[in-house]
Amino acid sequence: MNTWMFYAVFGMLQSGLLMALYKVPAAKQINKYSLLMWTYLFASLIAGYMLRNFIVFDAQAVIFSFVWGTSLAVLSVSQMHVLHKHDTSGVFPFTSLASNVFVVIGGVLFLHNSISLLQWVAVILSVLLFIGAHRNSKKIFIVGILPSFIFIAVLSAFGKFIQNAGANHVETNNFTFWNLVFAFISSLAMLFFVKKQVSFSSLIHKHLIGWAFLIGALQFGTNYAVVHALSLGPISLVFIVVGLYTFFTTIFASLLFNEKITAEKIIFILLSFLIVLLIKLG
């Protein structure tokens with residue numbers, strides 16, 4: 001197995017469980033802002049210990065990390081928010097697919113890439129797949145979820161560009177550490193902005209801390225693995241492998257939170273992955 005493939009598969013499996021655990025605030029009635037703050041604090045501490053020999057203050061790494069860490073924190077809280085109303089199988093296959101579509105569009109607008117006929121077909125199929133998945137939904141439902149889905153997809157696509165740029169221009173271990181530090185600072189700022197007054201007792205209870213430590217460890221592991229995969233392998237193939245996380249997220253969410261797995265959901269997940277293949281290989 002190629003080295004980049006090992007990291008990509010490792011990141012994909014961790015990401016599958018990580019995204020399933022984003023359901024914790026909805027399933028366990030835990031405040032998502034408090035959970036996120038603790039999550040990135042633990043992730044930063046773990047990164048600081050594990051990567052202590054690589055940590056330096058490098059201006060370029062800090063800039064990349066500030067942008068990616070801030071967007072990561074906002075993306076995480078947005079995903080947790082959406083999962084209060086929808087199952088993981090109804091969110092991540094479509095936001096992941098839309099994210100890859102926006103990566104192609106971003107490549108055209110900012111990197112002067114061209115879109116192949118196969119990629120045009122994939123873009124059209126992605127729209128049809130979303131329509132098919134929500135064909136029986138009420139208009140108000142579509143209007144309600146579309147802005148959230150698009151916001152998550154755009155932010156995810158933006159993060160892919162920053163993550164890849166950082167992985168290829170600065171030292172990956174240092175980049176990973178600072179990324180998580182800025183994600184923690186951003187999540188702390190969001191907590192105080194939203195809650196205004198935060199009591200110590202509301203931030204300290206064993207269920208919150210326990211879930212946060214687990215999610216934080218996965219945040220570190222996923223971030224570390226994907227950044228290393230991007231530094232060693234081609235971005236298109238890395239994100240094809242990592243994109244398989246949506247299937248495992250559905251499995252983990254079913255086991256942990258009793259989300260129902262139907263044949264229709266599995267079909268939509270598989271179709272979304274096949275369309276991603278067309279986009280990446282087109």
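Being a predicted model, the structure only gives us computed values, none of them experimental. Once a new chain begins, its residue numbering starts again from 1 and follows that chain's sequence as written. In keeping with the model being predicted, local features are shown solely for residues with a pLDDT of at least 70 and side-chain atom pairs are shown and tallied solely at 80 or more, while totals for entire chains, interfaces and linings include all residues. The side-chain figures draw on all heavy atoms in the structure; neither hydrogens nor water molecules are used.

Helices and strands together make up the secondary structure of the protein, namely 13 helices and 0 strands. Order of helices (α) and strands (β) in the protein, N terminus to C terminus: α-α-α-α-α-α-α-α-α-α-α-α-α. Put simply, the protein has 282 residues, and 53% of those count as buried. For this analysis, residues touch if any pair of their heavy atoms sits within 4.5 Å. A separation threshold of at least 6 residues defines the contact pool for the protein, and within that pool the share at least 24 residues apart is 88%. Here a helix means four or more residues in a row that DSSP labels H or I, a strand means two or more in a row labelled E, and each is numbered from the N terminus. Burial here depends on accessible area, computed with a 1.4 Å probe over protein chains only, as a share of the maximum for the residue type. Under 20% is buried, over 50% is exposed, and the range in between is partly exposed.

Running from amino to carboxyl end, helix α1 (residues 3-21) crosses helix α11 (residues 235-242) at an angle of 35 degrees, the nearest separation of the two axes being 8 Å. Here α1 runs over α11; the crossing is right-handed. Taking contact as the criterion, the partners of W4, M5, A8, V9 and M12 in α1 are, on α11, L237, V238, V241 and V242. For this classification, the nonpolar set comprises Ala, Val, Leu, Ile, Met, Phe, Trp, Tyr, Cys and Pro, the charged set comprises Asp, Glu, Lys and Arg, and every other residue, Gly included, is treated as polar. In terms of residue class, the contact of α1 with α11 is made up of 9 nonpolar, no polar and no charged. The axes used here are C-alpha line fits, helices contributing only the stretch in contact, and every angle between their N-to-C directions lies in the interval 0 to 180 degrees. Left-handed describes a crossing whose near helix is turned anticlockwise from the far helix through less than a right angle; right-handed describes the clockwise counterpart.

On to the pattern of salt bridges. When charged atoms on two side chains of opposite charge get close, those side chains can pair. We define a salt bridge as a contact between a side-chain nitrogen of Lys or Arg and a carboxyl oxygen of Asp or Glu at a distance within 4 Å. Within this structure, the stated rule accounts for 3 salt bridges. Here E259 makes a salt bridge to K23, at a shortest N to O gap of 3.8 Å. Here K23 lies in the loop between α1 and α2 (24-28) and E259 lies in the loop between α12 (245-257) and α13 (263-281), a separation of 236 residues in the sequence. Each member of the pair, E259 together with K23, is buried. A salt bridge links D87 to K265, with the nearest nitrogen and oxygen atoms 3.2 Å apart. Taken together, the positions of D87 in the loop between α4 (59-82) and α5 (92-110) and K265 in helix α13 put the pair 178 residues apart, joining distant regions of the chain. Given the relative accessible area of 29%, D87 is considered partly exposed. One connected set of salt bridges, linked through shared partners, spans K23, D87, E259 and K265.

Here we take up the packing of α4 against helix α8 (residues 172-195). Relative to each other, α4 and α8 sit at 50 degrees, their axes nearing to 7 Å. Our classification of the angle between α4 and α8 gives oblique. The handedness of the crossing between α4 and α8 is right-handed. The segment α4 lies against α8, with A61, V62, F64, S65, F66, W68, G69, T70, L72, A73, V74 and V77 engaging N174, F175, W178, N179, F182, A183, S186, S187 and M190. For the contact of α4 with α8, the per-class residue count stands at 14 nonpolar, 7 polar and no charged. Reported orientations rely on four angle classes, namely roughly parallel under 35 degrees, roughly antiparallel over 145, roughly perpendicular from 65 to 115, and oblique for the rest.

Once that is clear, we can look at the nonpolar core. Note on terminology: a nonpolar core comprises buried Ala, Val, Leu, Ile, Met, Phe, Trp, Tyr and Cys residues joined through side-chain atoms within 4.5 Å. Among the nonpolar cores identified, the biggest contains 81 residues, and L21, Y22, V24, L35, Y40, F149 and I279 are the most heavily contacted of them. At 11 residues, helix α10 (residues 206-232) tops the list of elements feeding residues into this core. Apart from the residues lying within four places of it in its own chain, the contact partners of I279 are L97, N100, V101, V104, Q119 and A122.

Aromatic ring pairs are defined here through the distance separating the ring centres and the angle between the ring planes. Only Phe, Tyr and Trp rings are paired, with Trp represented by its six-membered ring, and only when their centres lie within 6.5 Å; those with planes under 30 degrees apart are stacked, over 60 edge-to-face, the remainder tilted. As enumerated under the stated definition, the model contains 12 aromatic pairs in all. When the centroid spacing of 5.5 Å and the interplanar angle of 85 degrees are considered together, the rings of F66 and F182 count as edge-to-face. Of the two residues, F66 is situated in helix α4 and F182 in helix α8; the sequence distance between them amounts to 116 residues. For F66, a relative accessible area of 46% corresponds to the partly exposed category. The exposure class of F182 is buried, given its relative accessible area of 16%. Put simply, the rings of F6, Y7, F10, F220 and Y224 pair up and form one aromatic cluster. Ring-over charges, as used throughout, are those where CZ of Arg or NZ of Lys falls within 6 Å of the ring centre and within 35 degrees of the ring normal. Here the basic side chain of R52 rests over the ring of Y49, its NZ or CZ set 4.4 Å away from the ring centre. A cation over a ring is seen here: K160 above F239, with NZ or CZ 5.3 Å from the ring centre.

Note that all results are geometric; they support no functional claim without further evidence.
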